[in-house]
Amino acid sequence: MAEHAPLTLAIPISGDAHCEPLRRTLEGAHRALGDQEIEILVQVAQPDAPAIRTLLENHPSTPRGEFQQDRGIYDAMNRLVERATGDRILFLGAGDVPLSGLGRALQRWSHVDDTLELGGVRIPDAEPGVPRHYPPKWDRGLRWRNIAHHQGIAYPLQLIRTFGGFPLEYPVLGDYALNLDMWQESVQARWSFGEDWVSAAPGGVSRKFTPALYAEELLMKQAVLKPGLTKSLQPLWIGFKSRWKRQRRA
């Protein structure tokens, strides 16, 4: 790997139960990115995970693993931010498969600044009520819902460190909180229209539309959103969205 890779692929997992999904992610990255110089880091919450350790030691993409207990998904992601050396960092889950569009994006990147790079995310086996495609988007719609899927955001490493990484007080919506904070602070984004980066696996915790999820969203937005009409309308909006999601899943 080059001393300063253009991208770190950062993959947090729980342990050996995710060995085969992780294998699919690593093999997908190997196919999609070819010989491009990237860094692949894996954060394993299970200190003793022999199957994962064997996979990492023998995989041709030379992923580097760290095995230590964490306090949840965003704590693991923050540890990956600390370990990363790439110019940008992209977070994947076990079972997410990089696509050729990510390889094309890497070929475009000649320098790093404080602008986010975005790509589309496909979810072919999406749960009811979840879109099967998230196109690149970064606009005022973030105030109402998380339109920017984290598998489609390459954060400049120094920028995400400046923002302090993902807040741990939101166990399901920490990435949404960070994205909303960045947008309000006028962080810009760019993308190539029609370019998809990742085919995401189903099963993310933010796609389980429970009352606890919406309670967390309201709590987060009351803390993160700046004062104004949008903030005052959030209880009404989140209540409406919760009922609509329940009806679609019924």
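Residues numbered from 1 in each chain as written. Predicted model: local features only at pLDDT ≥ 70, side-chain atom pairs only at ≥ 80, totals over all residues. Heavy atoms only, no water.

Draft legend 1. Structural detail: the nonpolar core. Ranked by size, the top nonpolar core spans 34 residues in total, and within it Ile 89, Phe 91, Leu 116, Tyr 155, Ile 160, Phe 166 and Met 182 carry the most contacts. When residues of this core are assigned to their parent elements, the largest contribution, five residues, is made by helix 6 (residues 174-184). Setting aside its immediate chain neighbours within four residues, Phe 91 contacts Ala 10, Met 77, Leu 80, Val 81, His 150, Gln 151, Tyr 155, Ile 160 and Phe 166. Counting 29 residues, the second largest nonpolar core, distinct from the first, contains Ala 29, Ala 32, Leu 33 and Ala 49. (Core = buried A, V, L, I, M, F, W, Y, C linked by side-chain atoms within 4.5 Å. Buried < 20%, exposed > 50% of the residue type's maximum accessible area, 1.4 Å probe, protein only. Helix = DSSP H or I, 4+ residues; strand = E, 2+ residues; numbered from the N terminus. Contact = heavy atoms within 4.5 Å.)

Draft legend 2. Structural view of a nonpolar patch on the surface. A cluster of nonpolar residues, Leu 229, Leu 233 and Leu 236, forms a patch on the protein surface that exposes about 320 Å² of accessible area. Within the fold, Leu 229 resides in helix 8 (residues 229-249). With a relative accessible area of 61%, Leu 229 lands in the exposed category. (Patch = residues over 30% accessible without salt bridge, like charges linked within 9 Å, V, L, I, M, F, W, Y side chains within 5 Å. Areas by Shrake-Rupley, 256 points an atom, 1.4 Å probe, with all protein chains shown as cover. Salt bridge = Lys/Arg side-chain N within 4 Å of Asp/Glu carboxyl O.)

Draft legend 3. Region of interest: helix 6. With nine of 11 residues buried, helix 6 lies mostly within the body of the structure. The set of residues buried in helix 6 consists of Gly 174, Asp 175, Tyr 176, Ala 177, Leu 178, Asn 179, Leu 180, Met 182 and Gln 184. Within two residues after helix 6, Ser 186 carries a phi angle of roughly 70°, on the positive side.

Draft legend 4. Region of interest: the pairing of strand 3 (residues 64-67). Across four bridges, strand 2 (residues 39-44) lies against strand 3 in parallel orientation. Each bridged residue has a counterpart across the sheet, and for Gln 43 the counterpart in strand 3 is Glu 66. (Pairing = 2+ DSSP bridges.)

Draft legend 5. How the structure looks around the pattern of salt bridges. Counted under the stated rule, the structure contains 11 salt bridges. For Arg 79, the salt bridge goes to Asp 75, with nearest N and O atoms at 3.0 Å. In this pair, Arg 79 and Asp 75 are both assigned in helix 3 (residues 73-83), four residues apart and thus about one turn of the helix distant. Judged by its relative accessible area of 7%, Asp 75 is buried. Residues participating in the shared-partner salt-bridge network are Arg 71, Asp 75 and Arg 79.

Draft legend 6. Representation of the packing of helix 6 against helix 7 (residues 211-224) in the model. In contact at an axis separation of 11 Å, helix 6 and helix 7 are set at 25° when each is read in the N-to-C sense. In terms of orientation, helix 6 and helix 7 fall into the roughly parallel class. Taken as a pair, helix 6 and helix 7 cross one another with a handedness that is right-handed. In contact with Tyr 176, Ala 177, Leu 180, Asp 181 and Gln 184 of helix 6, helix 7 contributes Glu 217, Met 220, Lys 221 and Val 224. The residue makeup of the contact of helix 6 with helix 7, split by class, is five nonpolar, one polar and three charged. (Axes fitted to C-alpha atoms, helices over the stretch in contact; angles between N-to-C directions. Parallel < 35°, antiparallel > 145°, perpendicular 65-115°, else oblique. Left-handed = near helix turned anticlockwise from the far one by under 90°. Nonpolar A, V, L, I, M, F, W, Y, C, P; charged D, E, K, R; others polar.)

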